[in-house]
Amino acid sequence: EADIYQTPRYLVIGTGKKITLECSQTMGHDKMYWYQQDPGMELHLIHYSYGVNSTEKGDLSSESTVSRIRTEHFPLTLESARPSHTSQYLCASSESSGDRKTQYFGPGTRLLVL
Amino acid sequence: AQSVTQPDIHITVSEGASLELRCNYSYGATPYLFWYVQSPGQGLQLLLKYFSGDTLVQGIKGFEAEFKRSQSSFNLRKPSVHWSDAAEYFCAVVGKGSGYALNFGKGTSLLVTP
């Protein structure tokens, strides 16, 4: 079973606020990912990381930013939240050796921007 | 580009009946395929995966899937559905770029009736 955690699980916030969504994993995985999921839609990759000090943008353009200072931690930040950012954000991780393709997901953060 | 199509947006089955969820992929080489399940308000849980070898793969919770290269399909099956199987099911394929990020289908919502 995967050990990947996301906080908060639910967040309601006003427009213009800065928010940080936390993601941590205890599996020692080097690769981590952020996906965005709108209701009834597929997941889209917005950021990923190969390891410490590595961050890349995904296929879906996003105004969010990420950082990877520690292996286990991959936070996502929105400097100024807008209603268009309302969505579910899912964090995932995978190994960098062995089975490098299987991703394990956290429980997600549901964000509502008013 | 690698893509996944799940033709059925919603499926309703009676408890105890058999289930088949369809997934078609578009990929030039041997695909790495996954099925995930998402219960309401939760993250994604891995059901099963196919990388190579035996084309019939067994997963958790009594699910299985069959890879058919000639039909570009990876359909998920369960012989007898339980009410607790009601959830959203996502088929995914590993993309060629973006650090092995997954390309997801739009999902199939399963409703189980008594």
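Scope of this entry: the structure provided in the associated data block. Computed from a predicted structure; not experimentally measured.

**Let's talk about the overall build of chain A**
And step 1. When helices and strands are tallied, chain A shows zero helices and 11 strands.
And step 2. In chain A, the order of α-helices and β-strands from amino to carboxyl end is β-β-β-β-β-β-β-β-β-β-β.
And step 3. Taking 114 residues into account, the globule formula puts the C-alpha radius of gyration at 13 Å, and chain A, at 13 Å, falls close to it.
And step 4. Across its three principal directions, the C-alpha atoms of chain A cover 45 × 30 × 25 Å.
And step 5. When each of the 114 residues of chain A is scored for burial, the buried share is 47%.
And step 6. Across chain A, every contact between residues at least 6 apart in sequence was considered, and the portion connecting residues at least 24 apart equals 54%.

**Remarks on the pairing of strand 9 (residues 73–78) of chain B**
Look at any regular strand and the pattern is simple: side chains alternate between the two faces of the sheet.
All names here are of chain B.
And step 1. The element strand 9 is extensively covered by neighbouring structure, given that five of its six residues are classed as buried.
And step 2. Pairing geometry for strand 3 (residues 19–21) and strand 9, over three bridges, is antiparallel. From the neighbouring strand, Glu 20 faces strand 9, where its bridge partner is Arg 77.
And step 3. Relative to strand 9, strand 8 (residues 64–68) runs antiparallel, the two being bridged by five bridges. Counterpart to Glu 66 in the pairing with strand 9 is Asn 75.
And step 4. Remark: four residues form the turn of the hairpin made by strand 8 and strand 9, two consecutive strands paired antiparallel; Ser 72 in that turn has positive phi of roughly 50°.

**A word on the state of the cysteines**
What makes a disulfide is a covalent bond joining the sulfur atoms belonging to two cysteines.
Residue and element names in this part refer to chain A.
And step 1. Scanning the model with the defined rule gives two disulfides over all chains in all.
And step 2. Note on cysteine connectivity: Cys 23 is disulfide-linked to Cys 91, with sulfurs 1.9 Å apart. Measuring the twist about the S-S bond at about -75°, one finds the Cys 23-Cys 91 disulfide to be left-handed. In this pair, Cys 23 sits in strand 3 (residues 19–25) while Cys 91 sits in strand 9 (residues 87–94), placing the two residues 68 residues apart along the sequence. Accessibility assignment for this pair places Cys 23 and Cys 91 in one class, buried.

**As for the sheet that holds strand 3 of chain A**
Residue and element names in this part refer to chain A.
And step 1. Within the open sheet, the four strands sit side by side as 1-3-8-7. Their pairing is antiparallel. Strand pairing shows two members of the sheet lacking a second neighbour, strand 1 (4–7) and strand 7 (65–66), which therefore form its edges.
And step 2. Pairing between strand 7 and strand 8 (residues 76–78): two bridges, direction antiparallel. The residue bridging Val 66 from the neighbouring strand is Leu 76, located in strand 8.

Conventions adopted
Residues numbered from 1 in each chain as written. Chains lettered and ligands numbered in written order. Predicted model: local features only at pLDDT ≥ 70, side-chain atom pairs only at ≥ 80, totals over all residues. Heavy atoms only, no water. Helix = DSSP H or I, 4+ residues; strand = E, 2+ residues; numbered from the N terminus. Rg over C-alpha atoms; globule rule 2.2 N^0.38 Å. Buried < 20%, exposed > 50% of the residue type's maximum accessible area, 1.4 Å probe, protein only. Contact = heavy atoms within 4.5 Å. Pairing = 2+ DSSP bridges. Disulfide = S-S within 2.5 Å.

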